[in-house]
Structures are given as C-alpha cells and as structure tokens.
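Each chain, letter by letter, is given below.
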Amino acid sequence: MAIRSRNTSDDVEGAHEKDAKYDYSINREPSPLTEEGHLTTAENGEHQSLHRGLQSRQVSMIAIGGAIGTGLIIGTGAALARAGPASILIAYTFVGMLVFLVMAALGEMAAWLPAAGGFSIYATRYVDPALGFALGYTYWFKYIITTPNQLTAAALVIQYWLPAERVNPGVWIAVFMVVIIAINYLGIRFFGEFEFWLSSIKVLVIIGLIILSLVLALGGGPDHDRKGFRYWSDPGAFANYIDTGSLGKFLGFWSSMVTAVFAYLGTELVGVTVGEAENPRKTIPKAIKLTFYRILVFYILSIFLLGMIVPYNSTDLVFATKQSNSAAASPFVVAIKLAGIKGLPGFLNACILLFVFSASNSDLYIASRTLHGLALKGHAPKFLARTDKRGVPYVALFLSAAFCCLAFMNVSSSSKVVFGYFVNLVTIFGLLTWISILVSHIYFVRARHAQNVPDSELAYKAPFGIWGSYFALFFCILISLTKNFNVFTHSKTYGDFDYKNFITGYLGIPLYLILIFGYKFSQKSHGVRPETADIWTGKDVIDRDEEMWKRRDAEADAKGGKAHWFYRKFLSWLF
C-alpha cells in the first residue's frame, strides 16, 4: 500500500501543485499574513478574490445567529398545534442529538483541514467529486429558498400590526429585499459588523424569552396563574394528528420531527466559515463542543417551557387551524397575550422581525458565497466568480438575490401556505446536506485508518466516532423519506393526495440524484479509494498557521491578564 509521506519537502511541493491543479481552495498562506486579506488571486486581470474581512467574533456570532431563526421562533407554533408539548420536546431533543452528531462529524474533518469553500471540499476529496458537486449545488438551493422563506416570515410577522387586507405583503417583501441586497453589496467588513450586532441582539432576546417563559410558567405574570404542567393534562401532552388514538399521537410526533429539522437548519454554518476563521484549529473544536450546550439551552429549554405556557389547541396559534387568521405568528407572542401582558407582544414581535431580517441577510450572504465557490471550482459559469474591488461577488450576489422574488407568491396566496411550501423545500435540501456531511465523515475515517493516521493526530475527534455518523445517517435518511407522509394519508383535512406538498417535500431527492449521476456520466468521475484519498494536501500550511496562532494567544494572555482570562473562561462560549 502506498502511503503519502507527511513531512518531505518534495511531497509538500507536490501537494501544492496538486492543490493548484484541482483548485481545492485551501488557503496556501496563513490567514493573518495573506497580502491585503485576499483569499484568491486575480486571474487574467479579472477580479475573482474575496477579502478576508470577517473577524473571529463576527464569524462565531453569525454562526450562532444563523441557527436562531424562524424555525425556532415561528415554526414551533406549527409543531405545537399538530403534536402537543410532549411530542415536540421529544422530537426536538432527538433531532438535536442528530445535529450534534452531524456537527461532530463536520468538526473532525474541519479541524483536520479547515478548507475554504465549505464542506463540499471534503465530499470531493474523500468520497467522489460527483458528491462534492451535488452537495455544493444542494447547499446553494437550500439558501436561495431559505432567503425568500425568511421574507415570507417577515410578511407573517408584520401582519400583527398591518393585516394583509390593509397593506399588501408584497410591499414589505420588496422593502426587505432591497435592504438586504444593499447590505450585502456594501462589503464584507460592513456586513460582518452589522450581523455581529444583530446576532448579539438575537441571542439576548432568546435568553430573555427563556427567562420570561419560566416566570410565566411559575405564575409571575399579570394573571398570577401558576400554569406548571397543566396543559400537559388538559388538553394533553400528545395531540392527535390525521388519525386518533395511539396512531394519531405517533403521527403528530413524527410530523414534529420535520419541524425540528427545519428549526436546526443553519447550525452547520460553521463549515462554511472555517476557511475564513481565525485560528481554526482552536475555534472549530470549541464551537463544536459548545454546540451541545447551545442546543440544550436555546432549543430544548425554550421548547420545554413553551409547552408549559401555551396549550396546543389555542386558536391564537397561527398554524392551529387552516382557518386561523391570527397575526401572532410566534407561539411566544401567543404566550404573552394569554398571560395578559400588555405592550410586550408588540415589542416581542418587533424583536422577531429583527430575527427574520438578520436571518434573511446572512442567508443571502451564504448563497452568494456558495455560488462564487462553485464558479471558482469550475462547477458554475466562470463569470459568476467575478468580484469588485471590495471583494464582493456581485454577479453571484445578484443572481442569488433574484430568487428572493419567490417570496412574492404571498401576493396571490396565504403567507402561511407559502411558508409551509418553503419549509418543505428547505428541509429536504438541509437533510441532504447533513447526509452528505455524514457520508463524507465515514469515508474520511476509513481513509485515516487505511493510511495509518492515529486518533492522537486529530485536533478534534467526534465523540461517537464512525458509529455515531452511521446512526445519524440512518435517521436522516429515514426522516427524508417519510417527512411528508401526510400527503399519502386520507383525511377530511388533507383529502386523498396533496400533490403540492408532495412535490415541494420530495423534489430535492431526485434533483440531488440527478446532480450526482449527471456529473459522473458527463465527467467520468470515479469514487475515491480510502488508500489514495487526499487527506494531506494543504495540511502543512494549516499546521504552520496553528503554530503562529499559538504564539499570538500566548502573547494575548500575557498582555490581557485576568480580564482576558475571565472573558475566555466565562463569556466566550456565548460570543
């Protein structure tokens, strides 16, 4: 078996040659030392370079804020109305475990080789170039759908003050769309600072909601009603969905699994930012480890408390019935209204509007960068890689922004219906992304073992190893195949066959397979063997980069003293 040498200068030089040939987008210079902060060089006088303008605090906060969006704040209303408090608590906890396994798998690969260009690099290197191609486009599809989904959610939230009968939702969609395009076009430094503060506000608001929910559950509201677990008894912990009895309760639970997946989408953003992150060998393992606690605090705790303060049969829930015209899109707003707190629902709705605006802004950023990366690899037309003097991929930005116009479907349809269609599309693309990451990790572990790389050489190792990825992969595939089971069931509510939800729910799967096999057929690509998988190219540069950051950290600790230690020990987990 031929094993790549790890330290010889010839191999390093050869690795760089291969890197340049196949354009794996590895930063071949340590990030703080790149000239003028450019990620790539101009080619034939044409700008194709991004500017390294995101600081570590901005990257971290954007990743956290990206995972706190409409899925948690608005989408939980649908899950609660369909399944009941116990079902959504179990579903969000289980899917949270799957998310942690996905993040741990991604973290092991990203800490070994923090590659710019997202996680499609790992699929290309370890599995098959066809999978990397399909994953890149699947992720772009996800974000060109997510962005109009956020704009749709904005139209839902604004209807709290101005119903659709008074002001057409298309007006607000147009305003938000113009603003987020402008912010993205102003450059990475402005975008990074803007998103840092918006995401910081989102984190503080969700913590405030958790505290408020606990106070209301314990009777601290104006009604002084100590609710406790009352709603778990009446109307009950489990709601019937489609059918009655045990089957109806199980179907309600399984439907909330899909909503939970949608809520957690965006957590994998760390994989997109690793190539631009400072000191990735330190920040990535730390971010992955803390994912568990963020899931526990931001998701599980808030869902647990929400089930205590809002009954699943409340007519104020916007998704409670098909006839509901309530403008309180968030179940948290419903909880505050039920408690009799005046004034606060409007303020909270304004905060939620900020959530949605921030999410749509960062989603458009990810979409444009993903498309730019595809163009650099030759997987998209080359003109999409063009950037201006400020490093903004303006062609990719405007093409991605054009898909925001899908949100104008609200003009002719109910915002709730359009939101549901977009949730369907985004969820299947998100699940396919997670599946691809898990498959890449399984092949990465096989390649490590085949090339005799011990676990001790890893900067971060997934706690449950390859078996954790197999476990998560099985359930991600199962959820993907059964996520829209309701379209096949006969009921008074859904009829015999809901073809619209069937198309939006499963469209991603054949598209994903067409991308894989179409690429294999046209490019004659082959699967990568574990013995020859390229796990070394660019690693020597990252190793040197890591040593430089260790020296800088030591200098910072020496200069900062106790204040620096206090921040790193007690606050850095949040920011």
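Within every chain, residues take consecutive numbers counted from 1 along the sequence as written. Totals for whole chains, interfaces and linings use all residues, but because this is a predicted model, local features are given only for residues with pLDDT of at least 70 and pairs of side-chain atoms are given and counted only at 80 or more. To obtain the side-chain values, all non-hydrogen atoms of the structure were included, while hydrogens and water were left out.

The protein chain appears in an unreviewed UniProt entry as Amino acid permease/ SLC12A domain-containing protein from Neodothiora populina. UniProt positions are given in the numbering used here, feature names are shortened, and annotations may be inferred rather than shown by experiment. Quoted verbatim from the Subcellular location (unreviewed entry) heading of the UniProt record, the comment on the protein chain is "Membrane".

Describe a nonpolar patch on the surface, naming the residues involved and giving the relevant values.
Each patch is built from salt-bridge-free residues with over 30% relative accessible area, joining like charges within 9 Å and nonpolar side chains (Val, Leu, Ile, Met, Phe, Trp, Tyr) within 5 Å. Each accessible area is a Shrake-Rupley result for a 1.4 Å probe, and residues are judged covered by the shown protein chains and nothing else. For salt bridges, the criterion is a side-chain nitrogen of Lys or Arg within 4 Å of an Asp or Glu carboxyl oxygen. A surface patch of nonpolar side chains, about 600 Å² in accessible area, is lined by F488, F497, Y499, F502, I503 and L507. A helix here means a DSSP run of H or I that spans at least four residues, while a strand means a run of E at least two residues long, and both kinds are numbered starting from the N terminus. By the element assignment, F497 lies in the loop between α18 (465–482) and α19 (499–506).

Provide a residue-level description of the pattern of salt bridges, including the pertinent values.
The tally for this structure, following the rule as stated, stands at seven salt bridges. For the salt bridge of D128 with K520, the shortest nitrogen-to-oxygen distance reads 2.7 Å. Separated by 392 residues along the polypeptide, D128 in the loop between α6 (120–126) and α7 (129–158) and K520 in helix α20 (residues 508–523) bring together distant segments of the chain. By relative accessible area, D128 is classed as buried at 9%. Burial here depends on accessible area, computed with a 1.4 Å probe over protein chains only, as a share of the maximum for the residue type. Under 20% is buried, over 50% is exposed, and the range in between is partly exposed.

How would you summarise the packing of helix α4 (residues 76–83) against helix α11 (residues 245–264) if you had to cite specific residues and measurements?
Each axis is a line fitted through C-alpha atoms, and for a helix only the stretch in contact is used; angles between axes span 0 to 180 degrees, taken between their N-to-C directions. Between α4 and α11, the shortest axis-to-axis distance is 9 Å and the interhelical angle comes to 175 degrees. Regarding the angle of α4 to α11, the classification is roughly antiparallel. Facing α4, whose interface residues are A79, R82 and A83, α11 presents G252, F253, S255, S256 and T259. Its residues placed into classes, the contact of α4 with α11 shows three nonpolar, four polar and one charged. Angles below 35 degrees are treated as roughly parallel, those above 145 as roughly antiparallel, those between 65 and 115 as roughly perpendicular, and all remaining angles as oblique. By the convention used here, residues are in contact when the closest approach between their heavy atoms is within 4.5 Å. The nonpolar class holds Ala, Val, Leu, Ile, Met, Phe, Trp, Tyr, Cys and Pro. Asp, Glu, Lys and Arg form the charged class, and all remaining residues, Gly among them, are polar.

Account for the packing of aromatic side chains, with residues named and values stated.
In this analysis, rings of Phe, Tyr and Trp, with Trp reduced to its six-membered ring, are considered paired at centre separations within 6.5 Å, and the interplanar angle assigns stacked below 30 degrees, edge-to-face beyond 60, and tilted for intermediate values. Per the counting criterion, the structure on display carries 32 aromatic pairs. Ring geometry for F94 against F475: centres 4.9 Å apart, planes inclined by 80 degrees, an arrangement best described as edge-to-face. In this pair, F94 sits in helix α5 (residues 85–112) while F475 sits in helix α18, placing the two residues 381 residues apart along the sequence. Among the residues examined, F475 registers a relative accessible area of 19% and is labelled buried. Between the aromatic rings of F119 and Y139, the centroid separation amounts to 4.9 Å while the plane-to-plane angle is 80 degrees, which identifies the pairing as edge-to-face.

For the environment of S358, give the residues involved together with the corresponding values.
Along the chain, S358 falls in helix α15 (residues 344–376). Residues S358 and F194, spaced 164 residues apart in sequence, show a C-alpha to C-alpha distance of 9.0 Å. When sequence neighbours within four positions are dropped, the list of residues in contact with S358 reads E195, L198, S199 and K202. Any pair of nitrogen or oxygen atoms within 3.5 Å is treated as a polar contact; in protein, a donor-acceptor pairing is required on top of that, and neighbouring residues in sequence qualify only through side-chain atoms on both sides. Polar side-chain contacts of S358 include one of 3.0 Å to the side chain of E195.

Kindly report on the environment of V175, identifying the contributing residues and their values.
Looking at where V175 falls in the secondary structure, it is placed in helix α8 (residues 169–185). As for V175 and L151, which are separated by 24 residues in sequence, their C-alpha atoms are 9.8 Å apart.

Just give me the short version of the state of the cysteines, but keep the residues and values in it.
Count a disulfide wherever a pair of cysteine sulfur atoms falls within 2.5 Å. The tally for this structure, following the rule as stated, stands at zero disulfides. In this structure C404 is a free cysteine whose sulfur lies 7.0 Å from that of C405, the closest cysteine sulfur available.

I'd love a proper account of the packing of α15 against helix α16 (residues 394–402), names of residues and values included.
With their axes 8 Å apart at the nearest point, α15 and α16 run at an angle of 125 degrees to one another. In terms of axis orientation, α15 runs oblique to α16. With respect to the hand of their crossing, α15 and α16 are arranged in right-handed fashion. Residue-level contacts link L364, A367, S368, L371 and H372 of α15 to A396, L397, L399, S400 and A401 of α16. Residue composition of the contact of α15 with α16, by class: seven nonpolar, three polar and no charged. Should the near helix be turned counterclockwise from the far one by less than a right angle, the crossing is left-handed, whereas a clockwise turn marks it as right-handed.

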